[in-house]
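# Structure assessment
Below, each chain spelled out in residue letters.
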Amino acid sequence: MLALSACSVSEVMRPDVDVGARTSAVPARGLARLVPSNPFMAGFPRLNSPASPFQTLSAEERQCRSALKRLGVTYRDIAPINDSASCRIDHPVEISGFSGNIALKPAATLNCQMALAFARWTKDELAPAARWRYMSGIRTIHQGSSYSCRRINGSAKMSEHSRGNALDVMQIDLKNGRKIDVRKPGWFSFRERGLLNTVRSDACGYFTTVLGPGYDRDHADHFHFDIKPRRNGYRACK
């Protein structure tokens, strides 16, 4: 399977940073509700097969799944993904929800370590921030891209999405009916702006890359989170 180009990189950031992809906004209109702007975006459900009952997991993978269970994450183990030498997850998980009855739609295909980082951020930062600012729990997190076999635009390097290391968030629906669109809010949207600024800055303690609206036009409608390993603990939070 060929790796497709769907990401872009800013020249002002080095070392190379996977900045995700322009992803269709949620909700969309017309055919965009059924077909994403890039048909190779992985936010839309994969036909994942369940993992074999005879699958052997390393101690690290077992510990990661134990941590997911303690956090109340709804997940299932799925069959290994091996689309190419560069696009693979040996022990992927499909995440569909978090503690507090928070749904993740569509279900995200990730490696366990990325799933755990996102679950911790959701429980410790996103959910409390929503309760504090809106006095409401979160009903649904809408994601636009999880695993996807593609390169960083203009580069031979593979996107972190190709390893299940990244997730893009488009919209957050609260239990009181309010919908928080990740796109940069207007000047008078004080509470929404405060929530998005808070969760964005706090996410830097959980992910090595946090990029979103205001960084560049490719991130005008979503947050990109990933756990790309870098030397010297470098983090890219923009």
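Computed from a predicted structure; not experimentally measured. (Residues numbered from 1 in each chain as written. Predicted model: local features only at pLDDT ≥ 70, side-chain atom pairs only at ≥ 80, totals over all residues. Heavy atoms only, no water.)

### Examining the overall build of the protein chain
In terms of helices and strands, the protein chain carries three helices and 13 strands. Going through the 238 residues of the protein chain one by one, you find that 53% of them count as buried. Accessible surface, the protein chain as shown: approximately 11,700 Å² in total, 53% of it carbon and sulfur. (Helix = DSSP H or I, 4+ residues; strand = E, 2+ residues; numbered from the N terminus. Buried < 20%, exposed > 50% of the residue type's maximum accessible area, 1.4 Å probe, protein only. Areas by Shrake-Rupley, 256 points an atom, 1.4 Å probe, with all protein chains shown as cover.)

### Quick look at the pairing of strand E5 (residues 92–98)
With six of its seven residues buried, E5 lies for the most part within the structure. Both strand E2 (residues 74–77) and E5 contribute to a ladder of four bridges, which runs antiparallel. Looking across to E5, one finds that Tyr75 is bridged to Ile95. Pairing geometry for E5 and strand E6 (residues 102–111), over six bridges, is antiparallel. Paired with Val93 across the bridge in E6 is Leu110. Hairpin connection between E5 and E6: a loop of three residues separates the two successive antiparallel strands, and Gly100 in this loop has a positive phi of roughly 85 degrees. (Pairing = 2+ DSSP bridges.)

### With respect to the side chain of Arg65
Relative to the elements of secondary structure, Arg65 occurs in helix H1 (residues 59–70). On the basis of relative accessible area, Arg65 is assigned to the buried category, the value being 4%. Of the polar contacts made by the side chain of Arg65, one reaches the backbone oxygen of His91; its length is 2.9 Å. Excluding its chain neighbours within four sequence positions, the residues that come into contact with Arg65 are Leu57, Tyr75, Asp77, His91, Pro92, Val93 and Cys112. (Polar contact = N/O pair within 3.5 Å; in protein donor to acceptor, adjacent residues only side chain to side chain. Contact = heavy atoms within 4.5 Å.)

### A short note on the side chain of Gln143
Along the chain, the position of Gln143 falls in strand E7 (residues 138–145). A polar contact is formed between the side chain of Gln143 and the backbone oxygen of Pro106, at a distance of 3.1 Å. A distance of 2.9 Å separates a polar atom in the side chain of Gln143 from the backbone nitrogen of Ser145.

In short, the description is geometric, and any link to function would need to be established separately.
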